[in-house]
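Residues per chain, in single letters:
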Amino acid sequence: MSAGTDTALGLTESRTPLAIAVKVVLYAVVAVLFAGPLIALLVGAFSEVSDPTELSVIPSRPTLANFGIAIDYGVLKYLANSFFVVGFGLLLQVVVSVLAGYALARKRFRFSALVMVAILATMMLPEEILALPLSILLSDLPVVHINLMGTLAGMIVPLGAWAFSILVMTEFMKDVPIELEEAARIDGAGELRVFAQIIVPLCKPALGVVGVFGFTMIWDQYLLPLLVSTSNATYTLPLALRTLRIDPEVTPGVIMAASLLALAPSVIVFLLFQRSFARGLTSGALKG
């Protein structure tokens, strides 16, 4: 009689030594596939690596010189540019998504369904298709006729409206009980007070999702900085990594060090907002 336990799907999970050995091997393979590149990046950033074929997950000749060389190449300046763009870009994106989500979730106006379809349609368009019209708009901003090419502002403005953030806020606000708004209005609360003191505080889990995904999306932007930048003074870190990579004098260890600096902020932000992120992802399932 074989040992086994019933799983959530009603299947039988074998507990025999062979089955356990197979699972251990599969888990090890998955761990190597996912964690191997990250470990190699971490080890390579702190090792004297002059040949890409020497990259390994086993530390050898530890050093901090790679970070010093990366700093000499201006990585800190590019890092500051990235933080500037992601800070103001994410703030603009959150404000736009909250206001747009409230309008789409709570207000009834003509062509609201068409507006939602247009927002969803932007998620299906590759960035390359938008590159040409975006460059034309940024070179001569409508109404104000300002040229944003070659400026950090030119990277921030297009990030304001992201369909994913608007969709998340809209769907979450639809689940906020309408009775709470009605009770607040009976007590004399106006539209702005209802929005600021009732709707927004209840949307903190959704704001966590928008914040984490928005930060990662903006931080990893490559095409937009490439399109807007006209000199290395406005390079962000992802764009600077390309220039380091094609420089024949830059060793792989220096590239690994700069890549680690580019990876760290996303990891830190996720760890800081992990609880809000998890609540935001599961709140819809719990309410359903």
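Just above, that's the structure.
In this text, all values refer to a predicted model and were calculated from it rather than measured experimentally. (Residues numbered from 1 in each chain as written. Predicted model: local features only at pLDDT ≥ 70, side-chain atom pairs only at ≥ 80, totals over all residues. Heavy atoms only, no water.)

> I keep staring at the overall build of the protein and nothing clicks. Help me out?
Within the protein, the regular secondary structure consists of 14 helices and two strands. A total of 288 residues make up the protein; the buried ones form 35% of that total. For the protein, the accessible area works out to roughly 17,100 Å², and carbon and sulfur atoms hold 71% of it. (Helix = DSSP H or I, 4+ residues; strand = E, 2+ residues; numbered from the N terminus. Buried < 20%, exposed > 50% of the residue type's maximum accessible area, 1.4 Å probe, protein only. Areas by Shrake-Rupley, 256 points an atom, 1.4 Å probe, with all protein chains shown as cover.)

> Any chance you could explain the packing of helix α3 (residues 75-106) against helix α12 (residues 237-246) here in plain terms?
Across the interface, α3 lies against α12 with an axial gap of 8 Å and an inter-helix angle of 150°. Viewed along their axes, α3 and α12 adopt a mutual orientation that is roughly antiparallel. Taking contact as the criterion, the partners of V75, Y78, L79 and S82 in α3 are, on α12, L237, P238, A240 and L244. Within the contact of α3 with α12, the residues separate by chemical class into seven nonpolar, one polar and no charged. (Axes fitted to C-alpha atoms, helices over the stretch in contact; angles between N-to-C directions. Parallel < 35°, antiparallel > 145°, perpendicular 65-115°, else oblique. Contact = heavy atoms within 4.5 Å. Nonpolar A, V, L, I, M, F, W, Y, C, P; charged D, E, K, R; others polar.)

> Got a minute to help me understand a nonpolar patch on the surface in this structure?
On the surface, a cluster of nonpolar side chains totalling about 520 Å² of accessible area is made up of V25, V29, V30, L33 and F34. With respect to the element layout, V25 can be found in helix α1 (residues 17-45). (Patch = residues over 30% accessible without salt bridge, like charges linked within 9 Å, V, L, I, M, F, W, Y side chains within 5 Å. Salt bridge = Lys/Arg side-chain N within 4 Å of Asp/Glu carboxyl O.)

> Sorry if this is basic, but what is going on with the environment of F164 here?
As for its position among the elements, F164 is in helix α7 (residues 163-174). For F164, a relative accessible area of 22% gives the class partly exposed. In this structure, the C-alpha to C-alpha distance between F164 and L120, residues 44 residues apart in sequence, is 8.1 Å.

> In this structure, what is going on with the packing of helix α4 (residues 112-122) against α7? I would like to understand it.
For any two helices packed against each other, one specifies the crossing angle of their axes together with the interaxial distance. α7 packs onto α4 with a crossing angle of 135° between their chain directions and a minimal axis gap of 8 Å. Relative to α7, α4 is oriented oblique. Note on element contacts: α7 touches α4 through A163, I166, L167 and T170, opposite M116, I119, L120 and T122. Of the residues that constitute the contact of α4 with α7, the class distribution is six nonpolar, two polar and no charged.

Geometric values such as these leave the question of function open.
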